[in-house]
Amino acid sequence: MQQGWLSGYLDGSYKPENTVTLEEAATGVLKLLGYTAEDLSGSYPYAQLALYQSLGLDANITATQGSTMTRRNMMYLFYNLLNAETKDGQVYAATLGYTLNSNNEIDYLSMVSDTMEGPYVVEGSLSDIVSSTNKTVYRNGYASSADAVQKYDVIYYNDSTIWAYANAVTGTYQSASPSTSSPTSVAVAGNTYETETSEAAYALSTLGGLNVGDIVTLLLGREGKVAYALPAEEYADTVAGVVTATGTATYYNAVGNAYTARTITVTATDGNSYTYPCSNTSIEEGNLVSIGFGSSETDVSILKTSSVTGKVSGRTIGSRTMADDVRILDVNDTNAVRVYYSRLNGAVLESGDVRYCATNDAGEITDLILKDFTGDLYEYGIITSAKNNSDEMSVSGEYTYLVNGEKKTLSTNGKSLNASSGPARLTIKNGQLDSVWALYQIKNPDSVTQLGVTKDDESWLFADDCAVYLYQNLQYSLAREDRKYVICQMVRPT
């Protein structure tokens, strides 16, 4: 009352035991935003409720004029208040000292970071760092438990929550910037990582015992920065993935002498690409490989195939359970893309669909490599014109196509794509159209909704990035309403 945000009744009473109506709560909030009676046009409570609605303070609130505010409605009212603008045009949360992001919204990550302790590396048990009593535990972004936290996890915590990250990178320590005596970033396995802690910078410096040329493990925190580093043999982990390229790179030995080594680039099951020295010339693009690490060398071997079959339902494949942070990779000849288990929900995996499966001690699937199963490795569009030219001397082609409504053209010399007009799956290599596969056409469907399309008692769901085209007057265009011709990315193109 001293601030003038709430006032009593006309008889001078306050009645703190009474419930609060929508218009009373809205009036108090408007005063917090700096509005006074002079800013209102009309009588109480209509003027107050009109302004309350125009400012967006009513989002998710179910109370109406004269009804009592519940705790849930009050929660939404104060949440809406934080994001509303004051009479002076400021976001109210900013007047309370909260940080705003580039969209002029409350930066909740900054709020959490301000109260967060860490990073710390688990060397014994979690309890050596912080008590988990009455705290929610997340591991790798998923709700978990204190028992799931393992050695070498990177930990952050505040009064209510513990965040654990099991994210490590192992490979040859190639370089440091700005210098090896005081590194702020390091290159390992073909990628560059910033240091997050002084402990990591020290370990990777000339004073810390890890030198350029060593095989090291970087323990990464929540922003992908290095929280700590240690010799690879102490971490004792392997990497599984597909070889997407071969090449050469310059490395340095323990005394600083440069040498050139053959390399392979591997897209691992975590979806990231890493580069490793590999003298074994029998390892080629498209091979599934396992990478093991010793104190002075990298061991590359062909993965032994293993499979799992059954219908995917939630986090299960048939009778098998996937770990919360399961890593799934879909690969074709030399390309790979990470997918998430929700992408596979409802699909049936047969023996030829899975090339590799790994499990943890609990029997949960931790890594899965699929054989060109989802279709996510391709672009999808419309071939609007195609000319495949060949004679006794040469082969060529001229193609015009649409991807997400954007028109593109391609001319080829020395090869023909043997394409024809219509919806197609497009393979893009190095930014160029490389091959075309005609897609199943759904003409004149029985119904088209926001979720999918049906015809003759069959149905197809739209992917999140599905493109829907309207075909009329011999032209294709991205459809908005009255969709008559559909192209969509399905789990497996037909």
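Residues numbered from 1 in each chain as written. Predicted model: local features only at pLDDT ≥ 70, side-chain atom pairs only at ≥ 80, totals over all residues. Heavy atoms only, no water.

### Section: the sheet that holds strand β31 (residues 458-461)
Argument step 1. The strand order β29-β30-β31 describes an open sheet built from three strands, whose pairing is antiparallel. Two strands lie at the open edges of the sheet, namely β29 (447-448) and β31, each paired on one side alone.
Argument step 2. As judged from the two bridges shared by β29 and strand β30 (residues 452-455), these two strands associate in the antiparallel manner. Paired with serine 447 across the two strands is threonine 454, which belongs to β30. (Pairing = 2+ DSSP bridges. Helix = DSSP H or I, 4+ residues; strand = E, 2+ residues; numbered from the N terminus.)

### Some remarks on the nonpolar core
In a soluble, globular protein the nonpolar side chains are often hidden away together inside.
Argument step 1. Ranked by internal contacts, the top residues of the largest apolar core, which has 32 residues, are Tyr173, Val188, Leu204, Leu218, Ile264, Tyr276 and Ile291.
Argument step 2. Looking at this core element by element, the count peaks at four residues for strand β9 (residues 215-220).
Argument step 3. Beyond its immediate stretch of four places on either side in the chain, isoleucine 264 contacts Val243, Ala245, Thr246, Tyr274, Thr275, Tyr276, Cys278, Ile283, Ile291 and Val300. (Core = buried A, V, L, I, M, F, W, Y, C linked by side-chain atoms within 4.5 Å. Buried < 20%, exposed > 50% of the residue type's maximum accessible area, 1.4 Å probe, protein only. Contact = heavy atoms within 4.5 Å.)

### Some words on the packing of helix α1 (residues 22-32) against helix α3 (residues 71-83)
Argument step 1. Here α1 crosses α3 at 20 degrees, and the two axes come no closer than 11 Å. One finds that α1 runs roughly parallel with respect to α3. Seen from above, α1 lies across α3 with right-handed handedness. Note on element contacts: α3 touches α1 through Met74, Leu77 and Leu81, opposite Ala25, Val29 and Leu32.
Argument step 2. Its residues assigned to classes, the contact of α1 with α3 shows six nonpolar, no polar and no charged. (Axes fitted to C-alpha atoms, helices over the stretch in contact; angles between N-to-C directions. Parallel < 35°, antiparallel > 145°, perpendicular 65-115°, else oblique. Left-handed = near helix turned anticlockwise from the far one by under 90°. Nonpolar A, V, L, I, M, F, W, Y, C, P; charged D, E, K, R; others polar.)

### Focus: the pairing of strand β8 (residues 191-194)
Argument step 1. As paired strands, strand β7 (residues 185-188) and β8 are joined by four bridges and run antiparallel to one another. Bridging across to β8, alanine 187 finds its partner in threonine 192.
Argument step 2. A loop of two residues connects β7 with β8, the two strands running antiparallel in sequence, and alanine 189 in this loop sits at a positive phi of about 55 degrees.

### A closer look at the packing of aromatic side chains
Argument step 1. Summed over all chains, the structure comprises six aromatic pairs.
Argument step 2. Lying over the aromatic face of tyrosine 156, arginine 222 brings its terminal NZ or CZ to 5.4 Å of the ring centre.
Argument step 3. We note arginine 425 situated over the ring of tyrosine 378; from NZ or CZ to the ring centre the distance is 3.6 Å. (Phe/Tyr/Trp six-rings, centres within 6.5 Å; stacked < 30°, edge-to-face > 60°. Lys NZ or Arg CZ within 6 Å of the ring centre and 35° of its normal.)

### Notes on the confidence of the model for the protein
Parts of the prediction with low pLDDT should not have their coordinates interpreted in detail.
Argument step 1. In the predicted model, the protein carries a mean pLDDT of 87, and the fraction of residues at 70 or more is 93%.
Argument step 2. Here residues 480-494 is modelled with pLDDT under 50, and outside its nearest four sequence neighbours on either side it reaches 64 contacts, counting other chains as well. (pLDDT = per-residue confidence, 0-100.)

### Describing α1
Argument step 1. For α1, the tally of buried residues reaches nine of 11 residues, placing the bulk of the element in the interior.
Argument step 2. Phi turns positive, to about 95 degrees, at glycine 34, one or two residues after α1.

### Concerning the pairing of strand β32 (residues 469-472)
Argument step 1. Of the strand pairs in this sheet, β32 and strand β33 (residues 475-478) are connected by four bridges, and their pairing is antiparallel. For tyrosine 471, the partnering residue across the bridge sits in β33 and is tyrosine 476.
Argument step 2. Where β32 hands over to β33, the hairpin turn is made up of two residues, of which asparagine 473 adopts a positive phi near 55 degrees.

### Describing the pattern of salt bridges
Argument step 1. The tally for this structure, following the rule as stated, stands at nine salt bridges.
Argument step 2. Here aspartate 376 and arginine 343 are joined by a salt bridge, their closest N and O atoms 2.9 Å apart. Of this pair, aspartate 376 sits in the loop between β22 (365-371) and β23 (379-390) while arginine 343 sits in the loop between β19 (336-339) and β20 (348-349); the two residues are 33 residues apart in sequence, bridging distant segments of the chain.
Argument step 3. On the basis of relative accessible area, arginine 343 is assigned to the partly exposed category, the value being 24%. (Salt bridge = Lys/Arg side-chain N within 4 Å of Asp/Glu carboxyl O.)

### Focus: a negative patch on the surface
Argument step 1. Negative charge collects at one region of the surface, where Asp446, Asp456, Asp457 and Glu458 lie side by side.
Argument step 2. Residue placement: aspartate 456 occurs in the loop between β30 and β31. (Patch = residues over 30% accessible without salt bridge, like charges linked within 9 Å, V, L, I, M, F, W, Y side chains within 5 Å. Areas by Shrake-Rupley, 256 points an atom, 1.4 Å probe, with all protein chains shown as cover. Lys, Arg positive; Asp, Glu negative; His and termini not counted. Charge placed at Lys NZ, Arg CZ, Asp CG, Glu CD.)

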